[in-house]
Amino acid sequence: MVTISGFLALAAIGLYSAFLARICRADAALFALPVIGGGAVWLCLWGFLGLLPVGGWLFYLGAAALVAVLLARRRLAETLETLFTPAFGVFLAASVFFLAVFAITRPEFAQNDEFTLWGSAAKLTKLQNVLHPAAQGNLLAKASNPGMMLVVYLFQFFSAGFSEWSAYFAYDAMLAAAVAAMAALAGK
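The following paragraphs examine the structure supplied in this document.

Reading the values: the criteria
- Residues numbered from 1 in each chain as written.
- Predicted model: local features only at pLDDT ≥ 70, side-chain atom pairs only at ≥ 80, totals over all residues.
- Heavy atoms only, no water.
- Buried < 20%, exposed > 50% of the residue type's maximum accessible area, 1.4 Å probe, protein only.
- Helix = DSSP H or I, 4+ residues; strand = E, 2+ residues; numbered from the N terminus.
- Phe/Tyr/Trp six-rings, centres within 6.5 Å; stacked < 30°, edge-to-face > 60°.
- Axes fitted to C-alpha atoms, helices over the stretch in contact; angles between N-to-C directions.
- Left-handed = near helix turned anticlockwise from the far one by under 90°.
- Contact = heavy atoms within 4.5 Å.
- Nonpolar A, V, L, I, M, F, W, Y, C, P; charged D, E, K, R; others polar.

Since there are 3.6 residues in each turn of an α-helix, residues three or four apart along the chain are aligned in direction. The element helix α7 (residues 147-155) is largely enclosed, with a buried count of 8 among its 9 residues. Taken together, the buried positions of α7 are occupied by Met148, Met149, Leu150, Val151, Val152, Tyr153, Leu154 and Phe155.

If you want it as C-alpha cells, here you go:
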C-alpha cells in the first residue's frame, strides 16, 4: 500500500501541475515543486486546526474533483498533454526511479544519522495524524520544522502505517521536482 500511496501522490501532483501549466501557459515542471510545497502548507493549516487527516483528504479529493470537472468539460486529455515536456519527464522518471530503488532497498533512518531527527518527527506525524509538536512521544522531534514531515505525510497519506523508505522517497521526489523546475528554466 505504501507504493500505491506514492503513485497516488505523484498522480495528484502531476494533475495539479498540468492544470496550473495549462492556466499559466508554462511548463508543467515549474509547478511540481510549488504543488508539493503548497500541499505541505495546506496540511500545516489543517494541522493547526487539529484536522490533519481532513486536509489530506481534501488535497486528494480536490484532485479527483479536478479530474471530474475536466472530464465533464472534455478537457482532461489536453490538460494532461501539458505533462509531455522533457523537464516534467525528468521529474516523473526520477521520482519513479527513487520509488523503485527505495521500495527494493528499504533504507532505514538509523543508517543515516542526519535523518533521525526529522524522521522521528515524520513518524509521529503519520502515526498520530497530528502535527508533530502535538504528538505524544519523542521530545527531540518536537523541535523540527513541520515542512518535511508534512511532505512525507502527503506521500504516505494512503498507507496504513509509517514507512521509513517512503519518507526517503518523498524527500527525493521533492528534490526531483526542484531539478525539473531548473531544467524547465535552463533555456531561459
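Right, let's talk about the environment of Trp118 for a bit. Along the polypeptide, Trp118 turns up in helix α6 (residues 116-128). Trp118 sits in the buried class, given a relative accessible area of 11%. C-alpha of Trp118 to C-alpha of Met149: the two residues are 31 residues apart in sequence and 6.9 Å apart in space.

A separate point is the packing of aromatic side chains. Here the structure, examined in full by the defined rule, presents 16 aromatic pairs. With a centroid separation of 5.7 Å and 20° between ring planes, the pair formed by Tyr60 and Phe157 is classed as stacked. Of this pair, Tyr60 sits in helix α3 (residues 52-72) while Phe157 is found in the loop between α7 and α8 (164-185), placing the two residues 97 residues apart along the sequence. Pair check on accessibility: Tyr60 and Phe157 agree, each one buried. Here the aromatic cluster, defined as three or more aromatic residues joined through ring pairs, consists of Tyr16, Trp57, Phe59, Tyr60, Tyr153, Phe157 and Phe158.

Turning next to the packing of helix α2 (residues 29-48) against α3. Packed helix pairs are specified by the crossing angle of their axes together with the interaxial distance, meaning the distance between the axes. Taken N-terminus to C-terminus, the directions of α2 and α3 make an angle of 145°; their axes are 7 Å apart at the nearest point. The handedness of the crossing between α2 and α3 comes out as right-handed. Of the residues in α3, those touching α2 at Val35, Gly39, Trp42, Leu43, Trp46 and Gly47 are Leu52, Val54, Gly55, Gly56, Leu58 and Phe59. The residue inventory of the contact of α2 with α3, partitioned by class, reads 8 nonpolar, 4 polar and no charged.

You can see Val151 is positioned in helix α7. By relative accessible area, which is 3% here, Val151 ends up buried. Between the C-alpha atom of Val151 and that of Leu185, which follows or precedes it by 34 residues, the distance is 24 Å. Contact partners of Val151, with chain neighbours within four places excluded, come to Ile36, Ala40, Ala170 and Met174.

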